[in-house]
Amino acid sequence: MSANFYEIDEILNEAVMTGVPSIILEGIDDIEIYTRIAESANFQVEFYAVESIDGYGQGCDNVIAAVTDLNSIVSEKYKLENNVLGIIDKDVRDFRQELPSVEPMLVLNYYSIESHFVSKFIVESILDQCVKATRDILDDTLCKVIMDEIETKLLDIYYFSLESLKNALEPEYLADFSYSMKPGRLNDFKLKSTIYNKRDDLDKFAASKALTPCLNTLKIITKGKWLIDAFAIELINSIEGLKDKCRSHQIKTCKSCVIDAYDKCFYRIKDGFNKNTIVSLACTNVIGDEFNYIVDRINMIKKSA
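All values reported here derive from a predicted model rather than from experimental measurement.

Draft legend 1. Quick look at the overall build of the protein chain. Scanning the protein chain from N- to C-terminus turns up 14 helices and four strands. Dimensions of the protein chain, computed from C-alpha atoms along their principal axes, come out at roughly 75 × 50 × 35 Å. Taken over 305 residues, the protein chain has a buried fraction of 50%. A fraction of 71% describes how many contacts in the protein chain between residues 6 or more apart in sequence connect residues 24 or more apart. Accessible surface, the protein chain as shown: approximately 15300 Å² in total, 48% of it carbon and sulfur. In the protein chain, which carries 35 positive and 49 negative side-chain charges, the distance between the mean positions of the two groups comes to 7 Å.

See below:
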């Protein structure tokens, strides 16, 4: 290691000598998430942020470059795919036909890792932590009701995402929204009206890419940080609406509302929960089918060793 950086060949040598595979990620912030995901794997792995490796910067292109360089280190003593894996966000590489051919590499199925945290499994986990209700009334039916509400609301950003995708794919296109913009711009009423006036053209563009308005499409084309931000906002809104649903018996009535003590409703949200805390909580819950293929790919590292 040199000047607080790892050397690319040292990362490989360490993996070979210790038998602990090295996984190279786009950034330092990804390490905590992938460490949690890897707990479901059949063996220990070591994660490295690519910018901590000498000669490389942050981001997916540098992960690709690092794995490409590792392929140039020839040895008859090991197989690279049994010792190293690069993982990168999908972004819009599939639409640009820019998926990397270098191996060993996992390209995520969705736009980014954050996209995987928008699911009913996460709703269930967060609901259990941020409301006063007991598990007997926080059932699967309730979580499905909440997730259905959220999905309907999230579709408000469908056309923003199509506009951004078209801008990314067509250099001559005069876009009013792009992936470089902050999530707060999604709430700009004037901008929303401008985007919605393009719906006919954007629908044709979507059809040409076999895209339809649904949550899975949003996970594929919406910037992950936008999606999880919007998810957290809508989840809070849905949870705050549970008290009224409880009072009107639209969901399982809690013990307080049974005796008309509506101000003590078990569904009320605990103090201190806001959009940012919801996002943080979501990103610590690597649960659900969305993560299975990542675990499966990690397990493949040693499959043929």
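Draft legend 2. Representation of the pattern of salt bridges within the structure. The full count for this structure, using the stated rule, is 15 salt bridges. Lys245 is paired through a salt bridge with Glu149; the nearest N and O atoms lie 2.8 Å apart. Linking Lys245 in helix α11 (residues 242–247) with Glu149 in helix α5 (residues 140–154), this pair joins segments that are 96 residues apart in sequence. Residue class for Lys245 comes out buried when judged on its relative accessible area of 17%. By relative accessible area, which is 27% here, Glu149 ends up partly exposed. With a closest N to O distance of 3.9 Å, Arg185 and Asp188 form a salt bridge.

Draft legend 3. Region of the structure containing the nonpolar core. Tyr267 and Ile294 are the most contacted members of the largest nonpolar core, which totals 83 residues. Those residues within four positions of Tyr267 in sequence are excluded, and the remaining contacts are Val131, Ala133, Ile137, Leu138, Leu142, Ile239, Leu242, Lys243, Cys246, Ile251, Lys252 and Cys254. Grouped together as the second largest cluster of nonpolar side chains are 21 residues, Ile8, Val50, Val84 and Val107 included.

Draft legend 4. Summary view of the sheet that holds strand β1 (residues 22–25). A sheet is described by the order of its strands in space; here four strands give the open sequence β2-β1-β3-β4, paired in parallel fashion. The sheet terminates laterally at β2 (46–49) and β4 (105–107), the two strands that pair on one side only. Going across the sheet, the axis of each strand differs from the next one's by a mean of 25°, ignoring polarity. Two elements, strand β3 (residues 84–88) and β4, share three bridges in a ladder whose sense is parallel.

Draft legend 5. Helix α3 (residues 60–71), seen in detail. Its 12 residues place the ends of α3 17 Å apart at the C-alpha level, agreeing with the 16 Å of an ideal helix rising 1.5 Å per residue. Restricting attention to buried positions, one finds in α3 the residues Cys60, Val63, Ile64, Ala66, Val67 and Leu70. End-on view of α3: buried residues confined to an arc of 160°, all on one side of the axis. On the buried face of α3, the contacting elements are α1 (8–18), β1, β3 and β4.

Draft legend 6. Representation of the packing of α5 against helix α10 (residues 224–240) within the structure. Where α5 contacts α10, the two axes come as close as 9 Å, and the packing angle between them is 130°. When the axis of α5 is compared with that of α10, the two are oblique. Between α5 and α10 lies a crossing whose hand is right-handed. Across from Ile146, Met147, Glu149, Ile150, Lys153 and Leu154 in α5, the residues of α10 making contact are Leu227, Ala230, Phe231, Glu234, Leu235 and Ser238.

Rules used throughout
- Residues numbered from 1 in each chain as written.
- Predicted model: local features only at pLDDT ≥ 70, side-chain atom pairs only at ≥ 80, totals over all residues.
- Heavy atoms only, no water.
- Helix = DSSP H or I, 4+ residues; strand = E, 2+ residues; numbered from the N terminus.
- Buried < 20%, exposed > 50% of the residue type's maximum accessible area, 1.4 Å probe, protein only.
- Contact = heavy atoms within 4.5 Å.
- Areas by Shrake-Rupley, 256 points an atom, 1.4 Å probe, with all protein chains shown as cover.
- Lys, Arg positive; Asp, Glu negative; His and termini not counted.
- Charge placed at Lys NZ, Arg CZ, Asp CG, Glu CD.
- Salt bridge = Lys/Arg side-chain N within 4 Å of Asp/Glu carboxyl O.
- Core = buried A, V, L, I, M, F, W, Y, C linked by side-chain atoms within 4.5 Å.
- Pairing = 2+ DSSP bridges.
- Axes fitted to C-alpha atoms, helices over the stretch in contact; angles between N-to-C directions.
- Expected span 1.5 Å × (residues − 1).
- Arc of directions from axis to C-beta.
- Parallel < 35°, antiparallel > 145°, perpendicular 65-115°, else oblique.
- Left-handed = near helix turned anticlockwise from the far one by under 90°.

Everything listed is a geometric property; what it means functionally is a separate question.
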